[in-house]
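Spelled out, the chains give:
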Amino acid sequence: MKRFTSTLHAIIPAALGLALCLAAGSANAASTYFLPSGGVANAGSYTWDQSTTVDWFTASSGTPTETWAAASLNSAFPRFNAGSGKTYTVTVNGDISIAGFWGYGTLTLNAAAGSGNDLNLQSGMQGILLNGAATVNAPIVGVGGLEPQYQASGAAISLYGNNTYSGGTYLYSSSALVWINNNNSFGSGNIQLGSGSMTSFNPVLATAPVTLANNFVHYATDTADAINFGSSANSPVISSGTWSMGAVPVGIRNNGGSTSPLTLSGAISGSSTIVFSSNTGSSQIIAKGANPFTGTIAVTGPGGTSAGAGGTPVKLTLGAQNTFANASQVIMDGGVLDPGGFHHAMTSTTLSLTANSTIDYTSGGAEIDFADSSTATWTAGTTLNLVSTGGGNW
């Protein structure tokens, strides 16, 4: 198994420190190097199979001496060591068992025609160490988990295969971009957040409409976590799985703009704080699950004081009746709250105002019943704007 974790998310706040820590971890583990005859050519195309191609070696330079079947007995962690500036394609032909991989340059991993041509993750959480962009179109299968990791600027992984791996996905670096384009991009296991901070976001970027059934959980020892869905235009994301945050505050950001809302239809549980935010205008988060969450909801935007507040007003739409009926507090912190045309009995929930904000009733007749908020924080000089169609919604 190849993993480079330790406590990086907790002790390394900067991208440089993270890169140094990961590089040190990888240097201490055995690797198998991809060294096709003549070296990796720019725009080159290669085949990765079990026993036909002799493209593997135990050092970063030299003449390849092994097939993958032989090389993987020593180390099932392949290093695609093409070098900076090279774009190349490797086609997976067969069931290839791996303990993660290291990608350098612009690498595309395709699957040969037919079934059974896949990357089979060995048991445990397997590190994907990135020094460039890797697009994985080949299916990722197996009982192992996936841990995309940053090594250099531009590091990103595109999980574009019909993936079934069941060991989960661990996201902990705000610098490692993860692109997705289908409902199975993250396989079937949990997505574990581990940014370790409300201001360091795990970035997940969709390039097509996606529904994620994966459950979201927080890293066991974290004191805070945050995730940013920075989707392309017309690429809305629906999260139908649960969000189990325990006593850990979490930041949920959507930078998808008006055509790529983030919908949270699974139940959200926890007792701390959820900070909803955006840094892209007209971005919307729709919460429509039956949420047992008992903590604080912060709806943020410009002037917001919450950790992880966004630079543009996020619109939090409550897409079902009593979506956050068990919350202890709603803080209007620069954003927009839309009751979605539903009645919300939040009689144990106080309302605070810490930045100029809006409650928008224009989606239809609605009502929000808050608890007595006379002792809650209302920052002097701020305005809560109530917007209505004039239909008597309050």
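Everything numeric here is computed off the predicted structure, so don't read it as measured data. (Residues numbered from 1 in each chain as written. Predicted model: local features only at pLDDT ≥ 70, side-chain atom pairs only at ≥ 80, totals over all residues. Heavy atoms only, no water.)

## Topic: the overall build of the chain
Looking only at helices and strands, one finds 3 helices and 37 strands in the chain. Expressed as lengths along the three principal axes of its C-alpha atoms, the size of the chain is roughly 75 × 40 × 35 Å. Summarising the internal contacts of the chain: among those between residues at least 6 apart in sequence, 60% fall at separations of at least 24. Per element, the accessible surface of the chain, about 14300 Å² overall, is 51% carbon and sulfur. In the chain, 7 positive and 14 negative side-chain charges are present, and the distance between their average locations comes to 9 Å. (Helix = DSSP H or I, 4+ residues; strand = E, 2+ residues; numbered from the N terminus. Contact = heavy atoms within 4.5 Å. Areas by Shrake-Rupley, 256 points an atom, 1.4 Å probe, with all protein chains shown as cover. Lys, Arg positive; Asp, Glu negative; His and termini not counted. Charge placed at Lys NZ, Arg CZ, Asp CG, Glu CD.)

## Focus: the confidence of the model for the chain
Segments scoring low in pLDDT should not have their predicted coordinates read at a detailed level. Per-residue confidence for the chain gives a mean pLDDT of 90; residues scoring 70 or more make up 91%. Note on residues 1–29: pLDDT under 50 across the span, and 60 contacts to partners over four residues away in sequence or across chains. (pLDDT = per-residue confidence, 0-100.)

## Some remarks on the pattern of salt bridges
Using the criterion set out here, one finds 2 salt bridges in the structure. For the salt bridge of D338 with K315, the shortest nitrogen-to-oxygen distance reads 3.6 Å. Placement of the pair is D338 in strand β32 (residues 336–338) and K315 in strand β30 (residues 315–318), with a sequence separation of 23 residues. Residue D338 is classed as buried on the basis of its relative accessible area, which comes to 5%. Residue class for K315 comes out partly exposed when judged on its relative accessible area of 27%. A salt bridge links K315 to D360, with the nearest nitrogen and oxygen atoms 3.9 Å apart. With K315 in strand β30 and D360 in strand β35 (residues 357–360), this residue pair connects regions lying 45 residues apart in the sequence. D360 sits in the buried class, given a relative accessible area of 13%. (Salt bridge = Lys/Arg side-chain N within 4 Å of Asp/Glu carboxyl O. Buried < 20%, exposed > 50% of the residue type's maximum accessible area, 1.4 Å probe, protein only.)

## Observations concerning the packing of aromatic side chains
Scanning the entire structure with this criterion turns up 16 aromatic pairs. Centroid distance F216 to W243: 4.0 Å. Interplanar angle 5°. Geometry classified as stacked. Taken together, the positions of F216 in strand β20 (residues 216–218) and W243 in strand β23 (residues 243–244) put the pair 27 residues apart, joining distant regions of the chain. With respect to class, F216 is no different from W243; both count as buried. (Phe/Tyr/Trp six-rings, centres within 6.5 Å; stacked < 30°, edge-to-face > 60°.)

## A look at the sheet that holds strand β12 (residues 140–142)
Spatially, the 3 strands line up as an open sheet ordered β6-β9-β12, and their pairing is parallel. The strands lining the two open edges of the sheet, one partner per strand, are β6 (95–98) and β12. Adjacent strand axes in the sheet meet at a mean angle of 40°, parallel and antiparallel pairs treated alike. Strand direction decides the pairing type here: β6 and strand β9 (residues 118–121), joined by 4 bridges, are parallel. (Pairing = 2+ DSSP bridges. Axes fitted to C-alpha atoms, helices over the stretch in contact; angles between N-to-C directions.)

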